[in-house]
Amino acid sequence: LAAFFQPKLLAGKRVLLTAGPTAEPIDPVRVITNRSSGKTGYALARAAAEAGAHVTLVSGPTALTAPRGVRRVGVQTARQMHEAVLAVAPLADVFIAVAAVADWRVVNASTQKIKKQGGNASGLPTLSFEANPDILADVAALPDGPWCVGFAAETENLAEHAEAKRRSKGIDLLVGNLAQDVMDADTTALQLFDAQGVHPMPAADKLTAARRLVAEIAARLPPRGP
Ligand code: CTP
Ligand code: CA
């Protein structure tokens, strides 16, 4: 019932989110991935829908089901996530990048399962990597694109890294947290970084934090022309 009574701060807005990890194949049975349960992104998708937005959630592999009223697009790799996001981003009013995107993919992924003894002389496989596209930076660079929010989970020097990331990606709002505090947890302590500086938010369960973050986003959203 609480969901029903959330203020409709994003009524009619189109909100696009990414959530969860991506998984980059090594071979058909092995992947390289990031640690992410998807809970923060899914809570934010739910909070945006409760606030009256049309929500599309592009999600890497997670154990979660899409919140009510949210259109979920399932992907595996960063490149698939990039493609799915860029296909709809020009129509979105807000883009919130919560996904823990793998920074690299394996270029010499095998089409057949690599056997334990099938690698080099030592029996170990050698993997080569190349960089994945930066989804958030690409959306932020779209002419007339959506208003962008990034996330940064850091293990140290949060304020420094978060503000540097906000500037380098050219986004208005970056949400920071300490990675060790949030991994798979149900509570989260977020800090908002914007042009005015840093604004710590109280520690809360992920849905409460997501609802507060939706209010912060709605309050910052510029009016969009016709
Ligand atoms: N992000 C993205 N596409 C990528 C990498 C990151 O959209 N290929 C987004 C994440 O969803 C997050 C923000 O960028 O909103 C910051 O991600 P993070 O991994 O913290 O930053 P990076 O720029 O990848 O830097 P690093 O991993 O070196 O800290
Ligand atoms: Ca990264």
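Residues numbered from 1 in each chain as written. Chains lettered and ligands numbered in written order. Predicted model: local features only at pLDDT ≥ 70, side-chain atom pairs only at ≥ 80, totals over all residues. Heavy atoms only, no water.

## A closer look at the overall build of the chain
Note the cut-off: Segments assigned H or I by DSSP are reported as helices when at least four residues long, segments assigned E as strands when at least two residues long, and all are numbered from the N terminus. The globule rule used here is 2.2 Å times the number of residues to the 0.38 power, and the radius of gyration it is set against is calculated over C-alpha atoms. Partly exposed describes any residue whose relative accessible area lies between the buried limit of under 20% and the exposed limit of over 50%, with all areas from a 1.4 Å probe on protein chains only and scaled to the type maximum. Residue contacts are counted whenever heavy atoms from the two residues lie within 4.5 Å of one another. All accessible-area figures derive from a Shrake-Rupley calculation using a 1.4 Å probe, and residue coverage is judged against the displayed protein chains alone.
For the chain, the helix and strand inventory stands at six helices and 14 strands. Taken over the C-alpha trace, the chain has a radius of gyration of 18 Å; the compact-globule value for 226 residues is 17 Å, and the two agree within 12%. C-alpha extents for the chain along the principal axes are approximately 60 × 40 × 35 Å. The buried share of the chain, taken over its 226 residues, is 43%. The long-range fraction of contacts in the chain, counting pairs at least 24 apart against all pairs at least 6 apart in sequence, stands at 63%. In the structure as shown, the chain presents an accessible area of about 11,700 Å², 54% of it carried by carbon and sulfur atoms.

## Here we look at the site of ligand 1
Rules: What makes a residue near a molecule or strand is one non-hydrogen atom of that residue sitting within 4 Å of it. In protein, a polar contact means a hydrogen-donor-capable atom and an acceptor-capable atom, both N or O and within 3.5 Å, with residues adjacent in sequence counting only if both atoms are side-chain atoms; elsewhere, any N or O pair within 3.5 Å suffices. Definitions used for this entry: grid spacing 1 Å over protein atoms alone; cavity, a set of points where a 1.4 Å probe fits but cannot get out; pocket, an open set with protein on both sides within 12 Å along at least 5 of 7 lines; lining residue, one with an atom within 4 Å of a point. Each molecule is checked against the cavity or pocket grid, and it sits inside if more than half of its atoms lie within 2 Å of the grid points.
Around ligand 1, 13 residues are found, and the nearest of them are Ala97, Ala99, Pro133, Lys165 and Lys169. Between ligand 1 and the protein, one listed contact pairs an oxygen atom with a backbone N or O atom of Ala97 at 2.6 Å. Within the backbone of Phe151, one N or O atom sits 2.9 Å away from an oxygen atom of ligand 1. Relative to its free-state accessible area of 570 Å², ligand 1 is covered by the protein chains to the extent of 74%. More than half of the atoms of ligand 1 fall within 2 Å of the grid points belonging to the largest pocket.

## Looking at the layout of surface pockets
So the rule is basically this: Grid points are joined across faces, edges and corners, and a volume is the space filled by probe spheres set on the points.
Space inside the largest pocket adds up to approximately 880 Å³. As for the largest pocket, its lining consists of 34 residues, and the residues nearest its centre are Val98, Ala99, Ala100, Val101 and Phe151. Counting residues per element, the ones that place at least two in the lining of the largest pocket are helix 1 (39-50), strand 6 (94-97), helix 3 (135-140), strand 9 (147-154), helix 4 (158-169) and strand 10 (173-178). Empty space within the second largest pocket amounts to approximately 200 Å³. Lining the second largest pocket we find Lys39, Tyr42, Ala43, Arg46, Leu64, Thr65, Pro67, Asp186, Lys206 and Leu207. Secondary structure elements with two or more residues in the lining of the second largest pocket: helix 1 and helix 6 (206-220). No other element matches the four residues that helix 1 contributes to the lining of the second largest pocket.

## Remarks on the coordination of the calcium ion (ligand 2)
Going by this rule: Donors, by definition, are the N, O and S atoms found within 2.8 Å of a metal, the threshold being 3.2 Å for Na, K and Ca, and water is not counted, so a site can look incomplete.
Within the first shell, the calcium ion (ligand 2) binds the protein through Asp103 (OD) and Asp103 (OD), at distances of 2.4 to 2.6 Å. Checked against the element boundaries, Asp103 lands in the loop between strand 6 and strand 7 (104-106).

## Description of the nonpolar core
As a reminder, the rule being used: Residues grouped as a nonpolar core are buried Ala, Val, Leu, Ile, Met, Phe, Trp, Tyr and Cys residues, joined through side-chain atoms within 4.5 Å.
Leu10, Val15, Leu17, Leu44, Ile96 and Ile217 are the most contacted members of the largest nonpolar core, which totals 34 residues. Every residue in contact with Ile96, bar those within four places of it in the chain, is listed here: Val15, Leu16, Leu17, Thr18, Leu44, Val149, Phe151 and Ile217. The next biggest cluster of nonpolar side chains, apart from the first, holds 21 residues, and it includes Val58, Ala89, Cys148 and Leu174.

## Comments concerning the environment of Ala100
Tracing the chain through its elements places Ala100 in the loop between strand 6 and strand 7. Along the primary structure Ala100 and Gly38 are separated by 62 residues, whereas in three dimensions their C-alpha atoms are 8.6 Å apart.

## Regarding a nonpolar patch on the surface
Selection criterion: To count toward a patch, a residue needs a relative accessible area above 30% and no salt bridge. Like charges then connect within 9 Å, nonpolar side chains (Val, Leu, Ile, Met, Phe, Trp, Tyr) within 5 Å. The salt bridge definition used is simple: a Lys or Arg side-chain nitrogen within 4 Å of an Asp or Glu carboxyl oxygen.
Taken together, Leu1, Phe4 and Phe5 make up a surface patch of nonpolar side chains, about 450 Å² in accessible area. Residue placement: Phe5 occurs in the segment before strand 1 (14-19). Accessibility expressed as a relative area gives 58% for Phe5, which makes it exposed.

## Looking at empty space enclosed by the protein
Per the counting criterion, the structure on display carries one cavity of 30 Å³ or more. By volume, the largest cavity is sized at about 50 Å³. Every residue along the wall of the largest cavity is listed here: Thr40, Leu44, Phe151, Thr188, Leu190, Lys206, Ala209, Ala210 and Leu213. For the lining of the largest cavity, the secondary structure elements donating two or more residues are helix 1 and helix 6.

## Points about the UniProt feature "binding site: CTP" (unreviewed entry) in the chain
Here is the rule: UniProt positions are given in the numbering used here, feature names are shortened, and annotations may be inferred rather than shown by experiment.
Here, UniProt's "binding site: CTP" (unreviewed entry) annotation points to Asp103, Lys113, Pro133, Asp134, Ile135, Leu136, Phe151, Lys165 and Lys169. Spanning 67 residues, the named residues are also spread out in space, since their farthest C-alpha pair is 37.4 Å apart. Checked against the lining of the largest cavity, the annotated residues reduce to Phe151. Once residues within four sequence positions are removed from consideration, Lys113 is found in contact with Asp27, Pro28, Val29 and Arg30. On the secondary structure map, Asp134 appears in the loop between strand 8 (129-131) and helix 3. Looking at Asp134, the relative accessible area reads 31%, which means it is partly exposed. A polar side-chain atom of Asp134 sits 3.3 Å from the main-chain amide nitrogen of Leu136.

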